[in-house]
Amino acid sequence: PVLVVDYGAQYAQLIARRVRDLNVYSEIVPSTLTTSELLAKNPAAIILSGGPSSVNADATPIPTADLFEAGVPVFGICYGFQAMAVALGGTVEATGLREFGGTTLEVTETGRLFDGLPQSQSVWMSHTDCVSMAPEGFATTARTAGAPVAAFEDTSRRLAGVQFHPEVAHTPHGQAVLRHFLYDIAGIEPTWTMSNVIDEQVAAIREQVGDKNVLCALSGGVDSSVAAALVHRAVGDQLTCVFVDHGLLRAGEAEQVEKDYVAITGINLKVVDATERFLTALKGETDPETKRKIIGREFIRVFEQAAREVDAQSHTEFLVQGTLYPDVVESGGGTGTANIKSHHNVGGLPEDLQFTLVEPLRTLFKDEVRRIGTELGLPEPMVWRHPFPGPGLGIRIIGEVTAERLEILRAADAIARAELTAAGLDRSVWQFPVVLLADVRSVGVAGDGRTYGYPIVLRPVSSEDAMTADWSRLPYELLARISTRITNEVPEVNRVALDITSKPPGTIEWE
Ligand code: XMP
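Now for a look at the structure at hand. Small disclaimer: the values here were computed from a predicted structure and weren't measured.

In terms of nonpolar packing, the biggest core is built from 134 residues, with I47, V214, C216, A228, V231, V242 and A412 touching the most fellow members. Per-element tally for this core: the top contributor is helix α6 (residues 222-235), with nine residues. Sequence-distant contacts of A412, defined by excluding residues within four places in its chain, comprise V434, I456, I486, V490 and V493.

We now examine the sheet that holds strand β2 (residues 26-30). The strands making up a sheet associate through hydrogen bonds between their backbones, and the pairing can be parallel or antiparallel. An order of β2-β1-β3-β4-β9-β8-β7-β5-β6 is seen for the nine strands of this open sheet, with the pairing classed as mixed. Two strands close off the open sheet at either side, each with one partner strand: β2 and β6 (120-133). Strand-to-strand, the axes of this sheet are offset by a mean angle of 25°, without reference to chain direction. As paired strands, strand β4 (residues 74-77) and strand β9 (residues 159-162) are joined by four bridges and run parallel to one another. What sits directly across from V74, in β9, is L159. Helix-sheet contacts for helix α1 (residues 12-21) involve β1 (2-6), β2, β3 (45-48) and β4, and the interaxial angle to β2 is about 155°. Most of the contacts of helix α3 (residues 79-87) go to β4, to which it runs at about 120°, and overall it touches β3, β4, β5 (91-107), β6 and β9.

Take unusual backbone geometry next. Among all residues except glycine, the phi angle is most often negative; among peptide bonds, the trans geometry is most common. Following K503, the chain continues to P504 via a peptide bond in cis, the omega torsion being -15°. Its place among the elements puts P504 in the segment after β21 (493-498). That bond from P504 to P505 is cis: its omega, 10°, falls within 30 degrees of zero. Turning to its location among the elements, P505 is positioned in the segment after β21. For N23, which is not a glycine, the phi torsion comes out positive at approximately 65°.

The rules we used
- Residues numbered from 1 in each chain as written.
- Predicted model: local features only at pLDDT ≥ 70, side-chain atom pairs only at ≥ 80, totals over all residues.
- Core = buried A, V, L, I, M, F, W, Y, C linked by C-beta atoms within 7 Å.
- Buried ≥ 20, exposed ≤ 12 C-beta atoms within 10 Å, placed from the backbone.
- Helix = DSSP H or I, 4+ residues; strand = E, 2+ residues; numbered from the N terminus.
- Contact = placed C-beta atoms within 7 Å.
- Pairing = 2+ DSSP bridges.
- Axes fitted to C-alpha atoms, helices over the stretch in contact; angles between N-to-C directions.

Structure below.
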């Protein structure tokens, strides 16, 4: 792999993704690894990321010179660039010329990194210190107003670095710079493709599982669907999926899992229709947290029962989890020691139901999981499904959840989703919750008569990771169509409102 050494940058994941976009596999590792630990991973190249520290402060992590003598290509970015300069005998100073944001880079010597790129280009910077003298043997190839040495390279030793951030979208030629380092300086072949990943994962799953049986909780979401499809490709009928229909999914979603998914994959699927059970458990409950707890608790009980039945029929030793790479990195998995949150999606299973986890997506980012899903032939609406909360429509009905209210919300939600799709905007919003204010009524007029109906709230948001979000500026014509259709086609609803709150202070969901 190409190892991205994380010096505490918010950019480390982005760097790894950009490298993978160039069809080169890359992993993030913590800066606490020693040179020999890094080399033990047999890296094709090492990228030192940016980070918040100053290389001149005490106790900042700086790679030792032997890292650069091992014959492994190394690329430094921002802090990593400065750390590299210091380790190899160059100088880094606080000149007082800070640069944050877009700035112009002047290429002073083309070299390999800037081969074929404009002599003057905009780059994204974020630094207070700068390299004032490149180490011996390096050619300085670019400068900016605030950084006399903004890039250097020593192609004979396959070492290079840049002060700016090539990984961000604000550096238009950044991806070309990374490509030049990986392909031309490091000499890496771009062979990491999704079809290779599928082959590798299939082999790894077969190796792990052998002839034992495997269980998977299918939720209808992207991750569990793709994980199950991969495991099915590897071990076929040794896999049984359980789909707990809690009755809180959107229109057509349960059918999609039950029919389309099975038709395409040929997977063994056990469907548990637990709608009545969830409705009964939720009866009379209006508190959001209590509703969540009830849904979580019932889900575990139903899944546990189904798991016992599957296990009784054919002894099962493995459980599939759709854990993704960001979860692994964030829970310290990069160190190789942390215990990744187990049973993340199905909560705590009882002691006597012990499974070993199969996590075929744990090296992948979400967009890669989608590409694998597409390659495996899963239906587009499933592969591109927006994130959807486990408690489903249960937390999008503000007030008590009843069968009648679920019908109303499903009808309104289906219209909003269909219109968004028809406008071709599915991929430009992160999520589009549609919320029923079930305890509110407002007066309206229809035909010659007074109405007294429920309001529906549209909550389209854009986001990168759901931690922060902004309300999506959907076209007025689209909003108008959604509003007209909902008030015409869903008789219980006589008003449609648009939520224009960012997160924070609002959350994405209303409960
Ligand atoms: P909020 O509303 O906190 O949501 O801004 C952030 C993201 O998490 C989803 N969400 C949930 N997912 N169980 C889940 O599995 C939950 O209880 C839950 N609550 C919110 C939400 O849809 C958004 O993607």
